[in-house]
Amino acid sequence: MDTYEPAPNLESRTGLTLETYILEGMLGRPEARGYFTSLLSSLALAAKLVTSRVRRAGLANVLGYTGDENVQGEKVQKLDREANETLMRVLSRRGVCAAAASEEEEEMRVLSTAPHAKYVMMFDPLDGSSNIDVNISIGTIFGVLRKEHDGPVEEKDFLKPGTKLQAAGYVIYGSSTMFVITTGDGVHGFTYDPTVGEFLLSHENIRVPERGTTYSINEGNSSRWTDDVKRWNAWVKGDDKATQRPYRQRYVGTLVADAHRTLMRGGIFAYPGDVKAPEGKLRLLYEANPFAFLFEAAGGAASTGTERILDIVPTELHQRVPLALGSRGNVADYEAFVRGETP
Ligand code: AHG
Ligand code: MN
Ligand code: MN
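Note that this is a predicted model, so its numbers are computed, not measured.

Calculation notes
Residues numbered from 1 in each chain as written. Chains lettered and ligands numbered in written order. Predicted model: local features only at pLDDT ≥ 70, side-chain atom pairs only at ≥ 80, totals over all residues. Heavy atoms only, no water. Helix = DSSP H or I, 4+ residues; strand = E, 2+ residues; numbered from the N terminus. Rg over C-alpha atoms; globule rule 2.2 N^0.38 Å. Buried < 20%, exposed > 50% of the residue type's maximum accessible area, 1.4 Å probe, protein only. Contact = heavy atoms within 4.5 Å. Donors = N, O, S within 2.8 Å, 3.2 Å for Na, K, Ca; no water. Phe/Tyr/Trp six-rings, centres within 6.5 Å; stacked < 30°, edge-to-face > 60°. Pairing = 2+ DSSP bridges. Axes fitted to C-alpha atoms, helices over the stretch in contact; angles between N-to-C directions. Patch = residues over 30% accessible without salt bridge, like charges linked within 9 Å, V, L, I, M, F, W, Y side chains within 5 Å. Areas by Shrake-Rupley, 256 points an atom, 1.4 Å probe, with all protein chains shown as cover. Salt bridge = Lys/Arg side-chain N within 4 Å of Asp/Glu carboxyl O. Lys, Arg positive; Asp, Glu negative; His and termini not counted. Charge placed at Lys NZ, Arg CZ, Asp CG, Glu CD. Near = heavy atom within 4 Å. Polar contact = N/O pair within 3.5 Å; in protein donor to acceptor, adjacent residues only side chain to side chain. Nonpolar A, V, L, I, M, F, W, Y, C, P; charged D, E, K, R; others polar.

S.K.: Got a minute to help me understand the overall build of the protein in this structure?
M.R.: When helices and strands are tallied, the protein shows 7 helices and 15 strands. Over its C-alpha atoms the protein spans a radius of gyration of 20 Å, differing by no more than 12% from the 20 Å that the globule rule assigns to 343 residues. The C-alpha extent of the protein, read off along each of the three principal axes, is 60 × 50 × 45 Å. Within the protein, the proportion of its 343 residues that are buried is 56%. In the protein, the share of contacts with a sequence separation of at least 24, taken over all contacts with a separation of at least 6, comes to 62%.

S.K.: Would you take a moment to explain the coordination of the manganese ion (ligand 2) for this structure?
M.R.: The expected angle between donors at a tetrahedral four-coordinate metal is 109.5 degrees. At an octahedral six-coordinate metal it is 90 or 180 degrees. Asp124 (OD), Asp127 (OD) and Glu287 (OE) make up the full set of protein donors to the manganese ion (ligand 2), lying at 1.9 to 2.2 Å. Binding-site remark: the manganese ion (ligand 2) is held by donors from one chain whose sequence spacing is D-x2-D-x159-E. Judged by relative accessible area, which is 5%, Asp127 ranks as buried.

S.K.: What should I look at first to understand the packing of aromatic side chains in this one?
M.R.: Think of a pair of aromatic rings as described by two things: how far the centres are apart, and how the planes are tilted against each other in angle. In this structure the tally under the stated criterion is 11 aromatic pairs. Pairing Trp232 with Tyr334 gives two aromatic rings, centres 5.2 Å apart and planes at 80 degrees, and the pair type is edge-to-face. Here Trp232 is found in helix α4 (residues 227-236), whereas its partner Tyr334 is found in helix α7 (residues 328-338), with 102 residues between them in sequence. Their ring planes at 80 degrees and their centres at 6.2 Å tell us that Trp235 and Tyr247 sit as a pair that is edge-to-face. Placement of the pair is Trp235 in helix α4 and Tyr247 in the loop between α4 and β12 (248-249), with a sequence separation of 12 residues.

S.K.: Mind showing me how you'd approach the coordination of the manganese ion (ligand 3) here?
M.R.: Protein ligation of the manganese ion (ligand 3) involves Glu103 (OE), Asp124 (OD) and Leu126 (O), the donor distances falling in the range 2.0 to 2.2 Å. Read N to C, the donor residues that coordinate the manganese ion (ligand 3) are spaced as E-x20-D-x1-L. A spacing of 3.7 Å is found between the manganese ion (ligand 3) and the manganese ion (ligand 2), which share Asp124 as a donor. Of this pair, Glu103 sits in the loop between β3 (97-102) and β4 (109-110) while Leu126 sits in strand β5 (residues 119-127); the two residues are 23 residues apart in sequence, bridging distant segments of the chain. Residue Glu103 is classed as buried on the basis of its relative accessible area of 4%.

S.K.: Sorry if this is basic, but what is going on with the sheet that holds strand β6 (residues 138-146) here?
M.R.: Across the sheet, which stays open at both edges, the 8 strands sit in the order β4-β3-β5-β6-β7-β8-β9-β10 with mixed pairing between neighbours. Across the chains shown, the open sheet's two edge strands, defined by having one partner strand only, are β4 and β10 (198-203). Strands in contact with helix α5 (residues 255-265) are β5, β6, β7 (167-173), β8 (177-182), β9 (187-193) and β10; relative to β7, the strand with the most contacts, it is inclined by about 105 degrees. Packing against the sheet, helix α6 (residues 284-297) makes contact with β3, β5, β6, β7, β8 and β9, and its axis sits at approximately 105 degrees to β7.

S.K.: Explanation requested: a negative patch on the surface in the structure shown.
M.R.: Side chains of Glu106, Glu107, Glu155 and Glu316 sit close together on the surface and give a patch of like negative charge. Structurally, Glu155 is set in the loop between β6 and β7.

S.K.: Any chance you could explain unusual backbone geometry here in plain terms?
M.R.: A negative phi angle is the norm for most residues apart from glycine, just as the trans form is the norm for most peptide bonds. Note that the residue after Arg245, namely Pro246, is joined by a cis bond; omega there is 5 degrees. If you check the backbone angles, Asn205 has positive phi at about 55 degrees while not being a glycine. Mapped onto the fold, Asn205 is located in the loop between β10 and β11 (214-216). The phi angle at Gln244 is positive, at roughly 55 degrees, despite the residue not being glycine. Its location among the elements puts Gln244 in the loop between α4 and β12.

S.K.: Honestly, the site of ligand 1 in this entry has me stumped. Any pointers?
M.R.: The full set close to ligand 1 counts 17 residues, and Asp127, Asn218, Tyr251, Leu255 and Tyr271 are the nearest of them. The separation between an oxygen atom of ligand 1 and a polar main-chain atom of Gly128 is 2.8 Å. At 2.8 Å from an oxygen atom of ligand 1 is found a main-chain nitrogen or oxygen belonging to Ser129. Taking 470 Å² as the accessible area of ligand 1 by itself, protein coverage stands at 86%. For the shell around ligand 1, the element with the highest residue contribution is β5, accounting for 3 residues. Of the residues that constitute the shell around ligand 1, the class distribution is 5 nonpolar, 5 polar and 7 charged.

So this is what it looks like as structure tokens:
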């Protein structure tokens, strides 16, 4: 394969397209050309296709439910299904992705048996479904693992701890569409310019602040929380000038949006396990792990409360996990409460 020489270091990279960034190996993996590059650029294409649907959602008869339920027993929205099919179609075309696991499908879907199909992808095609019809931010979440053998792809190729992720990211369809990605060192954000049809580098090297003063949790579940989570929650709302409490509360109900705000501004997002659902609601492979990988790469943290998310060895494609992510300091406070301490 021809090698592609990156441009000399420019003073500012702002305005570079996502494709250029990927092609020139600027995602922190200069050695990664060819197949990996092809995989990442196919994600950029899928994101453009999905954003064009999302942006016309109210006009193009894609709002509402399909009448089906997905593997989680949740009602499937038309956009959930469209986004899922778009990702599957785009990924299968390049032949570099052996299989994909999606929130919308019970089993992994084999996409390529070509020898160069060296990766597997996990994704939540449309995150925040309940917000689609009310014009609130939604997103797409993805994670990429290497297929570590030459045989046919198997479910166990997906059941790897998050520390093994090769790349992870999300697309937020918010006031603008933004593509945020990491290959493990450095998190970069690209904002979509619909007039030219490209994602342009707008946020190079995103770092999550060491601490923040915002907390994000579905407080409607509070009667089911464990006592430790209740104590933490009372603490963040307590009055203390030195620690800038009470914190402010923000909750969109779209993980992508709540996590994106937390990444940019600091603070903490939590979806804990509770007495009714000890494992919480969010899914390890295509919700918690990609965000855990992104937050750690940006200097933040992600924990179940007792354990680092990225260390968990998954046993099932759709397993759920309690999740707390955000600034290192805020996640450490949360972990202290879960241990029964007060920071
Ligand atoms: P999805 O739309 O992919 O099923 O995910 C919804 C998730 C996540 O986006 C969000 O953080 C969480 O559900 C909100 O749940 P609650 O409505 O229980 O707060
Ligand atoms: Mn989701
Ligand atoms: Mn979803």
